[in-house]
Amino acid sequence: GDHLTEDMSLPNGPNVGAKALGVFGFLDMHGLDTGKQFVKLAGDINAGDSSFEVVESVAWNVGSEIVITSTSYELKETEKRVITDISGTTITVDQPFEFKHTTKTVSVDDGKDVQMSGEVGLLSKNVRIVGNDYPDIDEEQFGGRVIVGTFMQDGITYTGYGRFENVEFATAGQDGWYDYFDPRYALAFLDTGDTIESGEPNVEESYVKKCSFNYVYNTAIGVFGSNNIPVEDNVIYRFTNDGIFVESINTKINNNLVAMGESIARIKMQGKNPSFFGCINIVRASNTTLYGNVMAGCAQAGIYTMGAPCESDLQMDNNEIHTTMHGIHMNSYGVSRPESGCVQIANFNIWKSYDYGVYTKSDSSIQISNIVAVDNGVGFLPYGWGPSSDSHLFEEKYMSISDSQIVGVSDGYDCSEEETKPDVFMAMGEKKRKWPGRGQWVNGKKLHHVGMLWPIFQAKYFKMEFPWHVGLIGPEGTNPALRGIVHVNSVTFSNFGTSCGGEDIVFRTNPGDDDMNWPINATNIKYRSVNDNNKIYIDEPIASKISPADCTDFDCDGLKKALIFDTDGSVVGDSSPGTIIPDSAFEWDGNPARGLGYYRVPKPMITTLSGDKIEYGDKMPNTGIYRDNTCLYNDVWRAYKCSGIQHRIMIIESMDRDTKIRRLSPLAVLANPGSDGYIDLVNGPQDHSCCSGYTCAERLSTLFSMVATGIEYEIMFSSIPPQNFRLHLLHNDGGEAVRLKIWFPKQQRLDIYVDGKFINPNNIDTTKESYNLLPPDNSYIPALNEMNGANYFDPISGHLYVNLKGPSTIDIKTQPVVVLKMGMAVPIENFFEENVIGNIAGLLGIDPSNIRVTNIVREGSVRNKRSAEVITSMEFEIGPPPLDDLENFVPEEYTYTTPQGEVTVNPLYSTPPATTASTTPWVPPENYLSFDQLQEVQAKLANEFQTGTLGAALNLELTGLQMEEPIAPPNEPPAYTSPEERAEVLPVTWAEQTAQNDTELLEVYAEVTLDVPDSIKLTQELMNVKEMQVIDPAPAVYVATSTGKMIQNLGDDSDPWQCTVSILSGPGGQLQGTVTVPFEKGIAVFDNLHIDQGGADYVLQFEISYPNNNLVPAESQPFEIAGRPLGLEYTDSKSLVPEKLNFTVMPTIWDEALSSAAESGVLAGLSWECSISLLAGDNTGVLTGTLTKTIAAGENSAVFDDLSIDAPGLDYRFATECSSPDYETGSVVKVSQPFSVHDYPETGMMKNSAIDFQFTGTYDKIMDVMAAFESSVVECQNCPNSQSRSESKKVSMDALKKVQFPPSI
């Protein structure tokens, strides 16, 4: 059989297919026991050798085929030979070896050695299942298969069980069928359920023991839905995809040699095939036992696994991997997490993995232990993903590696093995995904192997087709997650120095994600033969990422916030606990392309309350992350080691719904403001969105910074702060607090929540039953030893002080309020605060609990005599009181980016329990004031004050009123625009536009002083007014104070004052257009007014029509309205006329006011004499014909119908003038647009064409063709009268004759 052989599908069962052995009952196949199935080499095999030593004698036969595994990075150095002689531990083979196969002992720790040796495995068995050979088999890759499965027929279920021992499967497997439901592998168990261990005949037992798989065109062994099956002591040689693929429970995979697994993407050069496989794939298996296996020469991974649940007993030991791309590949994409959200893996020796010894890309926490990794491109790459920071979810996620040894290069390392990359990288997809660090030149030096990369934790799973180490690339990628750390405990690093012309580095940052490299927590690190300069390397920020599509206008943050907790000083080797931090001020005020310097510090941070500039040296003389005199810089590492500071990662996470479209950075983070201040600037995640090939301009406003505990930090956004945001301080359990001093340009109430519970500010008035604050005072600033969330807002400076200590996050919710300041003069003995609040509440129709007095200003002429004091000012806050529990806080995720595919949803992902997702409709509590209601409150107060009724309503003598608008909710993200708009280059950058928008918004939110109106005034008198013509310049009025000053703020923009104009006197005309308009910025403009009748002594009256008021209307000076303005237009203008032939011109009297032909009523009594003439120019033609015409009264046009010009030419123009003695300006004139006169021939030719064709068939086939000729002259013989498509009459057509073009052509 081959690929074209007909399938054989069983009812309710698998497709057995061709060249197959199907087992649906009991099958036992047992060959002669050949003893141990594989052994280790005892010495090197050199190219050209034909005999070699093994570590122990074997009971194999001469003539048997054996496989010798590769010991380099190249799997294709795996070789197969035939035994010609065995003498003790010496084996002689039929052909000399082509490649070198090595064995050596490597010291990885004091008293601990490991063997790095090739294996020799037996392939020949006396019982064989062989796929039939045929000439095209290597091309078609169609071997034999064995399937042990189940099917149902006539109500009977037939289930197979197979026991295979000492059986050879040769030329097996069928390429193209990789799915678990149709696994055309060399041997597959499919849906057989549970098996038992018995040994008795005809029992429900299956196993694969001491078998060999000798050249397989697909996976060798597959176990699906078939539990408890032992797969033990087998030798697998040359397969594609996975060697052993298990999706079952309790599978025992022990003592197998799995060698030379090739990639189907490489075999078929599938450059876009992202599939990834392993010598052993147990990613969807559970409770798997894994002992004593060797995975050697795997094109992709040695083992592909999710890991074992941390809550289970680990059943892994003494496994070895070498000659692979990845040794251990832990990937959880599409796989459900264990209940604990934690997986583990242990007890592996991994060597000669070209890219990664241990690679993780998991949404679970991971515990790794007892790993030996030698001669790998990267010993350990930790990569976690989920939950989604875009959705504001987080989980305390970590990875750990302990009790392990990582060796940069082994003694005697052969650099020539690196001269040619492994063959698998010939596949473009694999070449694209490889680790680029080996041989990479960075900052003037060449790098080689890396012990461990800094971890990355991403919000979502990144596409498999991209390099394995990256979290983002170009316009695509994922944002950083909100949690992540790697614990490194009791790990020994050996032999990191100079090798193969490059430097081997123990800890290197991961340049594949320059948004965030997460911390490493290191304890009991041990070095053996490691140069100090090779312990750490922190990469420079990537200059090319400074672009509008990435990090915009200065360096990305990730490589400037890398952190190592050196808990015992063992990383540096100085026995001094501390932290290792990067130079976050790299190129500060240096290379201008880096976009970093004092000029990026927000201006309010260096400005006093009085507006004076603060010198940088006085407030922030130092740059970068906070340091003290214990911090020493190592220019080779590009890092500081600090011994006296507890550095921590702090996250400021915008919770507004515009978090992706409104930039908040640069975020200024100023430690210890003053003579020892340190200023650091934070950029935020880059734009990695993609819309129709262009970036979507989406940057998540989640800002990752590094702070030191025990000091104060002044925080300032470069734009208006988010209304709702969350503070995280990571990995600080039991540590000191950080006191944040966050500046807000707009005074609003900031409610603080910890674990979803409201935290009272330090100036809470505990004597009041309802929420009230005491007047501001610096004594309320929280001390550093106060609790997490202790807070105080200073309305004078605009700073919110809040202690951030962790581990709980702090949620800051901006409550929009109306801030009200009333000037008054009330003797203290007549003042009752409760009465004022009650009167305001009554006036506004709101609950008194929504009104709070925030400050009372008293003045007195006699010291210490309370009776002489006068209340001169009161400050109020109007808005709903804080809620005890945090509600309506988490916005719905919004993105333009196309989802990357289905990923299993993990139920463990959650935010704190008190937080409510925005997708749940929020029901406000009783008496809650919404933003719209607050605007109504503001408008009501403004109107009452400016119309003079507020004082009486409150029973107060008011002297002034100031208000601040409530801050509006964040904007909804804009609708998606077209690719063309995305590609448009705008005159200003996004950052500049954002800054401009913020400036405009702050003007809206600025404190407004309300003046008391005294009069209404016109900006100017009316002039040049004509009948039915819009009055220009437009009449405009403003309201003035008693001193004549214009009042810009009338009422509130949400409820503007209205002005109405009317005719107070005149000869009878009617006012038309918009007669009532709102005041905008203090002016009411009537921009489309006109009056329908001319005359003298018109007077207009302007009055405030809303709200009710006592202002006297304003009157204009008398003015005259001239008659209807008339003009002249050509209604039949021409661009081309023939020479010496008559043409017509028709000028029309035009109503300029209405922009249309004048009507008869307007022209009654007006008769016109019109004349037409050519204007002088370069042409020689003469205009002849009747050149004067009369327009009778009431008519509006003249017809010059016999005009001609006697010479051709370009750009002729003529002028028409119509005069009337009764028209006030006498005449109207119009000059035509340029036109041309062309030659006109005396003779011509008419084209006559004919097309004949014949068609035989049903008419419906040509009906549409015939219809297309309906406008031409067509003769059709034998065409039916009906053109119904249902006509089946056959016609013979010699048709479409005499097709004549129109004579004008």
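Everything here concerns the structure above.
Thresholds, definitions, all that
Residues numbered from 1 in each chain as written. Predicted model: local features only at pLDDT ≥ 70, side-chain atom pairs only at ≥ 80, totals over all residues. Heavy atoms only, no water. Salt bridge = Lys/Arg side-chain N within 4 Å of Asp/Glu carboxyl O. Helix = DSSP H or I, 4+ residues; strand = E, 2+ residues; numbered from the N terminus. Buried < 20%, exposed > 50% of the residue type's maximum accessible area, 1.4 Å probe, protein only. Disulfide = S-S within 2.5 Å. Expected span 1.5 Å × (residues − 1). Pairing = 2+ DSSP bridges. Lys, Arg positive; Asp, Glu negative; His and termini not counted. Contact = heavy atoms within 4.5 Å. Axes fitted to C-alpha atoms, helices over the stretch in contact; angles between N-to-C directions. Phe/Tyr/Trp six-rings, centres within 6.5 Å; stacked < 30°, edge-to-face > 60°. Lys NZ or Arg CZ within 6 Å of the ring centre and 35° of its normal. Polar contact = N/O pair within 3.5 Å; in protein donor to acceptor, adjacent residues only side chain to side chain. Core = buried A, V, L, I, M, F, W, Y, C linked by side-chain atoms within 4.5 Å.

## Side note on the pattern of salt bridges
Next up, step 1: Within the structure shown, the criterion is met by 53 salt bridges.
Next up, step 2: Between Lys545 and Asp514 there is a salt bridge, and its shortest N-O distance comes to 3.0 Å. With Lys545 in the loop between strand 47 (536-537) and strand 48 (564-566) and Asp514 in the loop between strand 44 (502-508) and strand 45 (520-523), the pair connects residues that are 31 residues apart, well separated along the chain.
Next up, step 3: The exposure class assigned to Asp514 is buried, which follows from its relative accessible area of 2%.
Next up, step 4: Among the salt bridges present, the one from Asp1011 reaches Lys1045, with a minimum N-O distance of 3.2 Å. Highlighted residues: Asp1011 in the loop between strand 69 (1008-1010) and strand 70 (1015-1018) and Lys1045 in the loop between strand 72 (1036-1040) and strand 73 (1051-1052), separated in sequence by 34 residues.

## Some points on the environment of Leu843
Next up, step 1: Its location among the elements puts Leu843 in helix 5 (residues 833-844).
Next up, step 2: Placed 110 residues apart in sequence, Leu843 and Ala953 show a C-alpha to C-alpha distance of 7.0 Å.

## Comments concerning the state of the cysteines
Next up, step 1: Summed over the entire model, instances satisfying the criterion amount to six disulfides.
Next up, step 2: The disulfide partner of Cys310 is Cys342, and the gap between their sulfur atoms is 2.0 Å. As the torsion about the S-S bond is roughly -55°, the Cys310-Cys342 disulfide counts as left-handed. Placement of the pair is Cys310 in the loop between strand 29 (308-309) and strand 30 (316-317) and Cys342 in strand 32 (residues 342-361), with a sequence separation of 32 residues.

## Some words on helix 6 (residues 931-946)
Next up, step 1: The terminal C-alpha atoms of helix 6 lie 23 Å apart, and with 16 residues this matches the ideal 22 Å at 1.5 Å per residue to within 8%.
Next up, step 2: Counting buried positions over the 16 residues of helix 6 gives twelve, a clear majority of the element.
Next up, step 3: Listing the buried residues of helix 6 in full gives Phe931, Leu934, Gln935, Val937, Gln938, Ala939, Leu941, Ala942, Asn943, Glu944, Phe945 and Gln946.
Next up, step 4: Residue Gly948 follows helix 6 closely and has a positive phi angle near 85°.

## Thoughts on the sheet that holds strand 27 (residues 289-291)
Next up, step 1: Strand order in this open sheet of seven strands is 2-15-18-21-24-27-30, and the pairing throughout is parallel. Two strands lie at the open edges of the sheet, namely strand 2 (26-30) and strand 30, each paired on one side alone.
Next up, step 2: Direction of pairing for strand 2 relative to strand 15 (residues 161-165): parallel, over a ladder of five bridges. Within strand 15, the residue paired with Leu27 across the bridge is Gly162.

## Things to note about the side chain of Lys361
Next up, step 1: As for its placement among the helices and strands, Lys361 is situated in strand 32.
Next up, step 2: Comment: no salt bridge for buried Lys361; closest opposite-charge side chain is Glu465, at 8.4 Å.
Next up, step 3: Residues contacting Lys361, with those up to four places away along its chain left out, are Met330, Asn331, Ser332, Tyr383, Trp385, Tyr461, Phe462 and Lys463.

## Concerning the sheet that holds strand 72
Next up, step 1: One open sheet holds the three strands; their spatial order is 70-72-78, and the pairing between them is antiparallel. Two strands bound the open sheet, and with one partner strand each, they are strand 70 and strand 78 (1083-1085). Mean inter-strand twist for the sheet, computed between neighbouring axes without regard to direction, equals 25°.
Next up, step 2: Sheet topology note: the strand 72/strand 78 ladder contains three bridges and is antiparallel. Its bridge partner being in strand 78, Ala1036 is matched across the sheet by Val1085.

## A word on the packing of aromatic side chains
Next up, step 1: With the rule as written, the count across this model stands at 45 aromatic pairs.
Next up, step 2: Relative to Tyr801, the ring of Tyr792 lies with its centre 6.3 Å away and its plane at 15°, an arrangement referred to as stacked. Pair check on accessibility: Tyr792 and Tyr801 agree, each one buried.
Next up, step 3: The rings of Phe276, Tyr304, Tyr356, Tyr359, Trp435 and Trp468 are connected pair by pair, giving a single aromatic cluster.
Next up, step 4: Positioned over the ring face of Tyr73 is Lys352, at 5.5 Å from the centre of the ring.
Next up, step 5: Positioned above the aromatic ring of Phe586, the side-chain terminus of Arg638 is 5.0 Å from the ring centre.

## Topic: the pairing of strand 20 (residues 221-227)
Moving residue by residue along a regular strand, the side chains alternate between the two faces of the sheet.
Next up, step 1: Summarising burial for strand 20: six of the seven residues are buried, a large majority.
Next up, step 2: Bridge analysis of strand 17 (residues 187-194) against strand 20 gives six bridges, and the strand direction is parallel. Bridging across to strand 20, Leu190 finds its partner in Phe224.
Next up, step 3: Pairing between strand 20 and strand 23 (residues 244-247): four bridges, direction parallel. Following the sheet pairing, Phe224 is matched in strand 23 by Glu247.

## A word on the environment of Ala953
Next up, step 1: Structurally, Ala953 is set in helix 7 (residues 950-954).
Next up, step 2: Placed 113 residues apart in sequence, Ala953 and Ile840 show a C-alpha to C-alpha distance of 8.0 Å.

## Some details on the side chain of Asp557
Next up, step 1: Inspection of the secondary structure assignment puts Asp557 in the loop between strand 47 and strand 48.
Next up, step 2: The side chain of Asp557 sits in the buried core without any salt bridge; Lys561 is the nearest counter-charge, 4.6 Å away.
Next up, step 3: Of the polar contacts made by the side chain of Asp557, one reaches the backbone nitrogen of Gly684; its length is 2.6 Å.
Next up, step 4: Residues within four places of Asp557 in sequence aside, it is in contact with Asp514, Asp515, Leu681, Val682, Asn683, Gly684 and Phe704.

## Describing the pairing of strand 57 (residues 712-716)
Next up, step 1: The buried fraction of strand 57 amounts to five of the five residues, a majority that puts the element mostly inside the structure.
Next up, step 2: Along strand 57, one buried face is formed by Glu712, Glu714 and Met716 and the opposite face, lined by Tyr713 and Ile715, is buried too.
Next up, step 3: Direction of pairing for strand 54 (residues 667-671) relative to strand 57: antiparallel, over a ladder of four bridges. Each residue of the ladder has a partner; that of Val669, found in strand 57, is Ile715.
Next up, step 4: With four bridges joining them, strand 57 and strand 59 (residues 738-743) adopt parallel strand pairing. Bridge pairing in strand 59 links Tyr713 to Leu740.

## Overview of the nonpolar core
Next up, step 1: Grouped together as the largest cluster of nonpolar side chains are 169 residues, with contacts concentrated most on Phe213, Phe348, Phe507 and Tyr713.
Next up, step 2: When near neighbours in sequence (up to four residues on either side) are disregarded, Tyr713 contacts Tyr626, Val669, Leu670, Ala671, Met706, Val707, Ala708, Val738, Arg739, Leu740 and Lys741.
Next up, step 3: In this structure, Leu820, Leu934, Ala942 and Leu950 belong to the second largest nonpolar core, which totals 33 residues.

## Side note on unusual backbone geometry
Next up, step 1: With an omega dihedral of -5°, the bond running from Gly386 to Pro387 counts as a cis peptide bond.
Next up, step 2: If you trace the backbone, Pro387 turns up in the loop between strand 35 (383-385) and strand 36 (399-407).
Next up, step 3: A cis amide bond links Asp1032 with the next residue in sequence, Pro1033, at an omega value of 5°.
Next up, step 4: Structurally, the position occupied by Pro1033 is in the loop between strand 71 (1025-1026) and strand 72.
Next up, step 5: One non-glycine residue, Tyr215, adopts positive backbone phi at about 75°.
Next up, step 6: Along the chain, Tyr215 falls in strand 19 (residues 212-216).
Next up, step 7: Positioned with a positive phi, Asn347 is a non-glycine residue whose angle comes to about 65°.

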